[in-house]
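Next come the chains, spelled out residue by residue.
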Amino acid sequence: MKTLFIICTLAFLTGCTNVSPRGEPPVVFYDSAKTADDLAGCIVQSLSARMGMGHRIDTISPGRIFEVHPQKEIMVGGEPYFVTIRVMEQGSRAELQAYGGFKSALKGAVVACR
């Protein structure tokens, strides 16, 4: 009985771990002639339309790095995707981080904004 309890507890804790593509290399990146602000705004609108939910822009490093995320949690204990937008010498770069089926939706949203 004690062994069953330990196995169930470990299974529960494993299921509650944070699932995120952070720390993984980007799925793909796109360079754009647009400013980071313009690119981020476009990606928010495009993702919101494609995914059927609102998205937000978080400032990671003011004037240099931003991230686009869903406004609401999609998965308990994780983030299945986000887009990092970096200011480059000329324009900006969108780096896609995603798991599974979210990859194609993200790619389409960013390609529409290049």
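Residues numbered from 1 in each chain as written. Predicted model: local features only at pLDDT ≥ 70, side-chain atom pairs only at ≥ 80, totals over all residues. Heavy atoms only, no water.

### Some words on the state of the cysteines
- Evaluated as defined, the whole model comprises one disulfide.
- Between the sulfur atoms of Cys42 and its disulfide mate Cys113 the distance is 2.1 Å. Taking the sign of the torsion about the S-S bond as the criterion, the disulfide between Cys42 and Cys113, at about -85 degrees, is left-handed. Here Cys42, found in helix H2 (residues 36-51), pairs with Cys113, found in the segment after helix H3 (102-111); they are 71 residues apart in sequence, far enough to count as distant. (Disulfide = S-S within 2.5 Å. Helix = DSSP H or I, 4+ residues; strand = E, 2+ residues; numbered from the N terminus.)

### As for the pattern of salt bridges
- Counting across every chain of the model gives three salt bridges.
- Here Arg93 ties to Asp31 by a salt bridge, and the two come within 2.7 Å at their closest N and O atoms. With Arg93 in strand S5 (residues 92-98) and Asp31 in strand S1 (residues 28-32), this pair connects stretches of sequence that are 62 residues apart.
- Look at Asp31 and you get partly exposed, because its relative accessible area is 43%. (Salt bridge = Lys/Arg side-chain N within 4 Å of Asp/Glu carboxyl O. Buried < 20%, exposed > 50% of the residue type's maximum accessible area, 1.4 Å probe, protein only.)

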